[in-house]
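In case you want the letters, here they are:
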Amino acid sequence: MRPLADTLRLVMAAAPGAMLLGTLLSVLVLVMGAALLGLSGWFITATGMAAMAGAVFDVFTPSSGIRFLAVGRAGARYGERLATHDATLRALAALRVDLMRRQLARGFEAMARARAPLALTRITADVDALDGVALRLALPVVAALVTHAFAFVALGWLTTWATAGAVVVFYVAGGGFVLLWLARRAARPSVAGERAAQALRRGAVDMLRGQEDLLVYGRLAEARAALVAQGDEADAAARAVDAAERRAGAWLAFAVTLAAGAALALGGWAVSAGGIGAAEAAIGVFVALALSETLQPLRRGMAELGRMRDAAGRVLAREEDGAETRAAVPDRPGAARLSVEGLGFRRPGALRAVVEGLSFDVRAGETLALTAPSGGGKSTVLGMIAGVLDPTSGTVRLDGRDIVAFDGDLRARVTLVPQRAALVGGSIRENLHLADPGAEEADLWRALEAVALAARVRALGGLDGTLGEGGSGLSGGEARRLVLARGLLRRPRVLLLDEPTEGLDEATAERVLKGLRAALPEAAIVTASHRVAETRSADRVLALGAADGGAGPG
């Protein structure tokens, strides 16, 4: 229950004033509802008894009270919904921001392995699952307990303490037992249903994105069958949760019947003993019936408790920060712009290092191409130079300073364009402004010209031309060039490119590489290369894994 409690604290902390107001109004709604039915029962019984006795009875005062309670209850219900829903929506927005911040802090390798659409689907579903933590769980529980405490005192004062005790016991003990049974019974299917629903969403996204490949390889029917199976699994879990909730509802109705029956029996006994009148005894019966409103809202919350706890565990999962702080070194006059010394990287538990003992220099205006077989460590080296991966040995220096010494300023000096950089749905201008929100239109066009994409952008309607989700509307090579143009807008001192000409034909690749160098004539450029055009345009080529760690001629 710890993740759920932590989530509840986050939700409450987002708008504590609104949550407190909503809680007070929830209690007021329940108390006024019980008072309304109790007063109505007393009024009907007292009126009937007065008519039988031929006595004069004041109907105006209790009828005014009934009107006041009815109108006040409706107003309190409106205020409660307004306050709690507003606070919950603000809390969920804060949770989303906090969760995205946690995702960004997971580290470069974890983020590189993550598939953005799937991660976003999971994040959205998990946060949506938590919208009931306050509205369907915490607030109803608090409001119910406070209302029963108030009802116990009021019934004991107006009727008998035996009646008050019986009503509270049947509700708190009996109703509480049923709700706990529901939470336990529905926990496993609610978790299974949520996970199956998320798998169904991911599967649908995968099938829609890859339907052409699935059709070509004859796997479309198989993928559709897998989606149907996931849907059936989600439906079966939902049916199990609904069945448990309906059964709990029946038992709660039985508990309400027992409470009302006990109030009727004890009230009748008190009337026969002369302790109270029949109208007062009726209050206990009608209040016992009215208090059912405290239990029914909890059914859905308890049925989804397992789902919410499971989602909270993922939302609040904290990644261990194993990064070590390295000491900065003083400036070394005359050093190369980029200097790598004895660089090594080994993943925890791995038998061999990905990179070991790597050393090289890259001066201003020079281009170095790193080559290696797939999985040979090219992207890992770029990640360490960019400061998003911590090496297990060696140092990376920029202008003679350890890159750790730059702290947040490193991003202004070093730009990494990864192999799978993403575009967002929106205009081309918005995608470029991700790198430099203050870039002027002329700067944007210069960057597009450098990567041979300006003509295509004009054909799409210019900088305000709209791209679909993930940059759809551009081919793979065009999307790659737009990402490269975005990197140019940073005007870095060191530009790191991971397979920059992927998806480009030979002639376009050469134009783009020349354009990159012309746009940044003083920058040190390091590329992770696998194509001849990339190695041919470089001043030097370094084959990773070479015994001497040196660089051969380009």
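Keep in mind that this is a model prediction, so the values were computed, not measured.

1. Points about the packing of helix 2 (residues 16-53) against helix 10 (residues 278-290)
It is the contact of helix 2 with helix 10, at a shortest axis distance of 7 Å, that shows an interaxial angle of 150°. Helix 2 and helix 10 meet at a crossing whose hand is right-handed. Across from G33, A34, L37, G38, G41, W42, T45, A46 and M49 in helix 2, the residues of helix 10 making contact are A278, A279, E280, A282, I283, F286, V287, L289 and A290. In terms of residue class, the contact of helix 2 with helix 10 is built from 13 nonpolar, 4 polar and 1 charged.

2. Examining the UniProt feature "transmembrane region" (unreviewed entry) in the protein chain
UniProt's feature table lists "transmembrane region" (unreviewed entry) at residues 12-36, 42-60, 137-158, 164-183 and 248-267, given in the numbering used throughout. A helix fraction of 100% and a strand fraction of 0% characterise residues 137-158, whose end C-alpha atoms lie 31 Å from each other. Overall, residues 248-267 shows 100% helix and 0% strand. The separation of its end C-alpha atoms is 28 Å.

3. Points about the pattern of salt bridges
Going through the model one piece at a time under the given rule, you end up with 21 salt bridges. Measuring nitrogen to oxygen at the nearest pair gives 3.4 Å for the salt bridge that ties R81 to E80. In this structure E80 comes out as buried when scored by relative accessible area, which is 8%. Put simply, E194, D242, E245, R300, E304 and R307 are held in one network by salt bridges that share partners.

4. A closer look at the packing of aromatic side chains
A complete count under the given rule lists 2 aromatic pairs for this structure. We note R458 situated over the ring of W445; from NZ or CZ to the ring centre the distance is 4.6 Å.

5. Concerning the environment of V169
If you trace the backbone, V169 turns up in helix 7 (residues 161-209). As for V169 and H148, which are separated by 21 residues in sequence, their C-alpha atoms are 9.9 Å apart.

Conventions adopted
Residues numbered from 1 in each chain as written. Predicted model: local features only at pLDDT ≥ 70, side-chain atom pairs only at ≥ 80, totals over all residues. Heavy atoms only, no water. Axes fitted to C-alpha atoms, helices over the stretch in contact; angles between N-to-C directions. Helix = DSSP H or I, 4+ residues; strand = E, 2+ residues; numbered from the N terminus. Left-handed = near helix turned anticlockwise from the far one by under 90°. Contact = heavy atoms within 4.5 Å. Nonpolar A, V, L, I, M, F, W, Y, C, P; charged D, E, K, R; others polar. UniProt positions renumbered as here; feature names shortened; annotations may be inferred. Salt bridge = Lys/Arg side-chain N within 4 Å of Asp/Glu carboxyl O. Buried < 20%, exposed > 50% of the residue type's maximum accessible area, 1.4 Å probe, protein only. Phe/Tyr/Trp six-rings, centres within 6.5 Å; stacked < 30°, edge-to-face > 60°. Lys NZ or Arg CZ within 6 Å of the ring centre and 35° of its normal.

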